[in-house]
Amino acid sequence: MKKYLNWVLAAILVCGASVFTSCSSNDDNPVNPVEPDLNVAEKIIGKWIAASIDGKALPTNDKMVYNFISTTEAYISASFSARPDFEAQWIYLSEADVVVAGNKVTITHHPDEQQTVCQEFTITAINDNEFTANMHVKITANGSSLEVDDVVRFAKVKVDYSADILGMWEGYSTGEEGSEFDDGENPFNYFHKVDGQWQISDDDYADYFVDGNLLCTRWKNAGAGNEEHREWWEIESIKDGVMKWKALRQREDGTTYIATFEMKKVDVPTQAEVEQFILGKWMISEIDGEDAVTNLKTVYDFESLTKVYMSASLNSQPEMQSFWKEKFELTAVIDDNHIALAGQKDDKTAVLDEFIVSYITADVMQCVLLHSEINEAGEMTTAPYMFCTFEKVDKDYSADIIGMWEHRWEYKADGTYVYYVKDGENWVPSANTLNEYFVAGNLLCSRWINAGTELREWWEIESIENGVMKWTALRQNVPSR
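The numbers attached to residues start from 1 for each chain and follow its sequence in the written order. The model is predicted, so local features are restricted to residues of pLDDT at least 70 and side-chain atom pairs to those at 80 or more, both for listing and for counting; the totals for chains, interfaces and linings are taken over all residues. Side-chain measures were taken over the full set of non-hydrogen atoms in the model, leaving aside hydrogen atoms and water.

1. Focus on the pattern of salt bridges
Here a salt bridge means any side-chain nitrogen of Lys or Arg lying within 4 Å of a carboxyl oxygen belonging to Asp or Glu. Throughout the structure, instances matching the rule amount to 13 salt bridges. A salt bridge links R456 to E454; the nearest nitrogen and oxygen atoms lie 2.7 Å apart. For each residue, the accessible area found with a 1.4 Å probe, counting protein chains only, is set against the maximum for its type, and the residue is called buried under 20%, exposed over 50%, and partly exposed in between. Residue R456 is classed as buried on the basis of its relative accessible area of 12%. Three or more residues are tied together by salt bridges with common partners; here these are E436, R447, E454 and R456.

Set out below in structure tokens:
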């Protein structure tokens, strides 16, 4: 019956266009009652994972978890994508109805409003560690039906790793044959190493769930033409900062092997550490392992643990909307090593900046930065993740810059400036309009309109001492056409 396995597992959850009828007993295939009474109603309560079918061990990616919380209710978790002729299924804690009658357990599951699938387990043996049963699956649609019978074994799941897995982990394969996606895995973040730097993977989505000891993951890399990938593991243990996985894999020729994986917990800052160091001004210094060019730099001023001001001038990337904000107020919420900053960009758009902090001291912070914008309809647009390094800014030149400087820039306290040009022997204001600037820490941003076109410039102020001001900037070369 092995050839029916994938079909049956997919059919249990597959979404179809036909309307399925309620399940009924299998009158044509009676199963002899099991004697004596095994006290199934009491012993079935708990979490069980499919272990074998017809005496053959199940590959990990065919496994399902049933959680019987009572004799009338259960929850099912499974991830199926092995059969190309069936739609992939991602089922986590899907509710099912249960009826226990003697040694028979009937499970009625509704994957969606159009389907009803019935499984009957006539249990032949059960104890605190496992049960075996004759399984009958019946699917009826428009007067026709499919019925499949197998002998199955389920193992009791006595652990729940759904909370223990939270956090950042670093791992590697420990077996001769490891993960098919060794460098690739609610949502999770996967980092890969590029030129010695850990960078976050650019994924459209990355989801996982843990039910008991079954870990199911799925992800899709960003970009046209990329397909969804899935991977399944059984968590052997999480202890003393070490997590061990194993999985039974099946090769194309039908032979199997055991894959193993080991991960170590990566220490991340506690909420107390984040709160201890976060106050003050922070400016981006690196983006995805590269020195940040000055025109992409942003300053976040944490005035308190709940109020932040962000200052930035951004208009050099075509995929980003032009942005000019000095002291853009954001509300902060710190939860463990996660910082969420929310504010109103304009009447129609709210913004959300999220920091997942992996390292922080009084001077340096490393984090994943995620920027999202929400329109008035509640639709969210999220930019790709960036792995950023921030450096604490201990200078504030916003007052020192005010005044007239050689080459004839006059910076005023109201955030405007006058640029002078030589007219004969005299210095006269240029024909530029707008002429705005701001200083956030040591970041100087200016913009003006010349002949109808808005122009911008960015500098980092190195020093203002003894009447001398020095600037520096990292520019990006524009390829010649």
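2. Side note on the pairing of strand β32 (residues 433-440)
At least two DSSP bridges between two strands are needed for those strands to be called paired. Runs of E in the DSSP output that reach at least two residues are strands. Runs of H or I that reach at least four are helices, and both are numbered from the N terminus. Here six bridges tie β32 to strand β33 (residues 443-450), and the two strands are oriented antiparallel to one another. Bridge pairing links F438 to C445 in β33. Here β32 folds back onto β33, and the loop between the two strands holds two residues, one of which, G441, carries a positive phi near 70°.

3. Brief notes about the sheet that holds strand β31 (residues 426-429)
The four strands are arranged β28-β29-β30-β31 in an open sheet whose pairing can be described as antiparallel. Two strands in the sheet have a free side with no partner beyond their single neighbour: β28 (403-405) and β31. Each strand axis lies, on average, 25° off the axis of its neighbour in the sheet, ignoring direction. Under this scheme, a helix contributes an axis fitted over its contacting stretch, all axes are lines through C-alpha atoms, and angles between N-to-C directions fall in the 0 to 180 degree range.

4. Details of the packing of aromatic side chains
Aromatic rings from Phe, Tyr and Trp, with only the six-membered ring used for Trp, were paired whenever their centres fell within 6.5 Å, and each pair was classed as stacked if the ring planes differed by under 30 degrees, edge-to-face if by over 60, and tilted otherwise. Taken as a whole, this structure holds 22 aromatic pairs when the rule is applied. A ring pair is formed by F121 and F154, whose centres lie 5.6 Å apart and whose planes are at 90°; its orientation type is edge-to-face. With F121 in strand β7 (residues 117-126) and F154 in strand β9 (residues 144-157), this residue pair connects regions lying 33 residues apart in the sequence. Taking 5.2 Å as the distance between ring centres and 35° as the angle between the ring planes, the aromatic pair formed by W459 and W471 counts as tilted. Residue W459 is found in strand β34 (residues 453-465), and its partner W471 is found in strand β35 (residues 468-472); the two are separated by 12 residues along the sequence. Given the relative accessible area of 23%, W471 is considered partly exposed. An aromatic cluster of three or more residues is present, and its members are W48, Y66, F68, F121, F131 and F154. One Lys or Arg, R249, reaches over the ring of W233 and ends 4.5 Å from the middle of that ring. As a reminder, the over-ring test applies to NZ of lysine and CZ of arginine, requiring each to be within 6 Å of the ring centre and within 35 degrees of the ring normal.

5. Comments concerning the side chain of S358
Relative to the assigned elements, S358 resides in strand β24 (residues 350-360). On the accessibility criterion, S358 (18% relative accessible area) is buried. Contacts: residue pairs with any heavy atoms within 4.5 Å of one another. Apart from the residues within four sequence positions on either side, S358 is in contact with M168, D267, V268, P269, Q366, C367 and F387.

6. Some words on the environment of D394
With respect to the helices and strands, D394 occurs in the loop between β27 (386-393) and β28. Among the residues examined, D394 registers a relative accessible area of 67% and is labelled exposed. Each C-alpha atom, one on D394 and one on D363, is 9.1 Å from the other, the two residues being 31 residues apart in sequence.

7. Some words on the environment of F68
With respect to the helices and strands, the residue F68 is situated in strand β3 (residues 64-68). Note on F68: relative accessible area 3%, which makes it buried. The spatial distance from the C-alpha of F68 to the C-alpha of D97 is 9.7 Å, given a sequence separation of 29 residues. Setting aside residues no more than four positions away along its own chain, F68 makes contact with I44, I45, G46, W48, E73, A74, V98, V105 and I107.

8. Considerations on the pairing of strand β22 (residues 323-335)
Examined bridge by bridge, strand β21 (residues 307-314) and β22 share seven bridges and lie antiparallel to one another. By the bridge assignment for β22, A312 is matched with K325. Of the pairings in the sheet, the one linking β22 to strand β23 (residues 338-344) comprises five bridges and is antiparallel in character. Each residue of the ladder has a partner; that of D335, found in β23, is H338. Between β22 and β23, which follow one another and run antiparallel, lie two residues, and D336 among them has a positive phi close to 55°.

9. Things to note about the nonpolar core
Joining through side-chain atoms within 4.5 Å is the link that ties buried Ala, Val, Leu, Ile, Met, Phe, Trp, Tyr and Cys residues into a set, and such a set is a nonpolar core. With 29 residues, the main nonpolar core has F68, F121 and I123 as its most contacted residues. Elements that contribute at least two residues to this core include exactly β1 (46-53), β3, β4 (73-80), β5 (89-101), β6 (104-109), β7, β8 (130-141) and β9. Top contributing element to this core by residue count: β8, with five residues. Filtering out sequence-adjacent residues up to four positions away, F121 remains in contact with Y66, N103, K104, V105, I107, A133, N134, M135, V152 and F154.

10. Quick word on the sheet that holds β34
The four strands lie next to each other as β32-β33-β34-β35, forming an open sheet whose pairing is antiparallel. Strand pairing shows two members of the sheet lacking a second neighbour, β32 and β35, which therefore form its edges. In this sheet, adjacent strand axes meet at a mean angle of 30° when their direction is disregarded. The sheet contact formed by β34 and β35 spans five bridges and is antiparallel. Across the sheet, the residue bridging to S463 is K470, located in β35.

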